[in-house]
Amino acid sequence: MTTSKKNLRTCEKGHKYHKSSDCPTCPVCEQERKPDTGFLSLLSAPARRALENNGINSLHQLSTYSEKEILKFHGMGPASLPILRDALETGGLSFKD
């Protein structure tokens, strides 16, 4: 098994972190950005960013998409769908057919 070399990086806020990928996201900044409440707080960082990057910040906005459309977003995986379905159901909404 080979391990990727992790490079020390510093984000624009001065946080130091190690990453082996080209992903520019600072894990410290990402944790600070994570909402405390709401459906976005239930998701992993990549899934949350996938929705935010596509302008989805509310359950109503989410309900205008189908599950297939959501899964096409970079960073969104099938493990997030049950969380999103439950959140929509709790809000009296559902994915578009």
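Residues numbered from 1 in each chain as written. Predicted model: local features only at pLDDT ≥ 70, side-chain atom pairs only at ≥ 80, totals over all residues. Heavy atoms only, no water.

S.K.: Kindly report on the overall build of the protein chain, identifying the contributing residues and their values.
M.R.: Looking only at helices and strands, one finds five helices and two strands in the protein chain. Taken from the N to the C terminus, the helices and strands of the protein chain come in the order β-β-α-α-α-α-α. Taken against the 2.2 N^0.38 rule, which gives 13 Å for 97 residues, the C-alpha radius of gyration of the protein chain at 16 Å runs more than 25% over that of a compact globule. Referenced to the eigenvectors of the C-alpha coordinate spread, the extents of the protein chain come out at roughly 45 × 30 × 20 Å. Counting the 97 residues in the protein chain, one finds 30% classified as buried. In the protein chain, the share of contacts with a sequence separation of at least 24, taken over all contacts with a separation of at least 6, comes to 30%. Of the accessible surface of the protein chain, which amounts to about 6700 Å², a share of 51% is contributed by carbon and sulfur atoms. In the protein chain, which carries 14 positive and 11 negative side-chain charges, the distance between the mean positions of the two groups comes to 9 Å. (Helix = DSSP H or I, 4+ residues; strand = E, 2+ residues; numbered from the N terminus. Rg over C-alpha atoms; globule rule 2.2 N^0.38 Å. Buried < 20%, exposed > 50% of the residue type's maximum accessible area, 1.4 Å probe, protein only. Contact = heavy atoms within 4.5 Å. Areas by Shrake-Rupley, 256 points an atom, 1.4 Å probe, with all protein chains shown as cover. Lys, Arg positive; Asp, Glu negative; His and termini not counted. Charge placed at Lys NZ, Arg CZ, Asp CG, Glu CD.)

S.K.: An account of the environment of Lys68 is requested, with residue identities and associated values reported.
M.R.: Secondary-structure assignment places Lys68 in helix α4 (residues 67–71). Along the backbone, Lys68 and Lys96 are 28 residues apart, and their C-alpha atoms lie at a distance of 9.7 Å.

S.K.: Account for the pairing of strand β1 (residues 7–10), with residues named and values stated.
M.R.: Direction of pairing for β1 relative to strand β2 (residues 16–19): antiparallel, over a ladder of four bridges. For Leu8, the partnering residue across the bridge sits in β2 and is His18. Once β1 ends, the chain turns through five residues before running back antiparallel as β2, passing Gly14 with a positive phi of about 95°. (Pairing = 2+ DSSP bridges.)

S.K.: With reference to specific residues and values, describe the side chain of Arg48.
M.R.: Relative to the elements of secondary structure, Arg48 occurs in helix α2 (residues 45–53). A relative accessible area of 1% places Arg48 in the buried class. Setting aside anything within four residues of it in sequence, one finds Arg48 in contact with Glu30, Arg33, Lys34, Pro35, Leu40 and Leu43.

S.K.: Now, about the nonpolar core: what can you tell me, with residues and values included?
M.R.: One finds Leu51, Leu62, Ile70, Met76 and Leu84 to be the most contacted residues of the largest nonpolar core, which totals 16 residues. Broken down by secondary-structure element, the contributors of at least two residues to this core are α2 and α5 (81–90). Residue contributions to this core peak at four residues, all from α5. Sequence-distant contacts of Leu62, defined by excluding residues within four places in its chain, comprise Phe39, Leu51, Ile56, Ile70, Leu84, Leu88 and Phe95. (Core = buried A, V, L, I, M, F, W, Y, C linked by side-chain atoms within 4.5 Å.)

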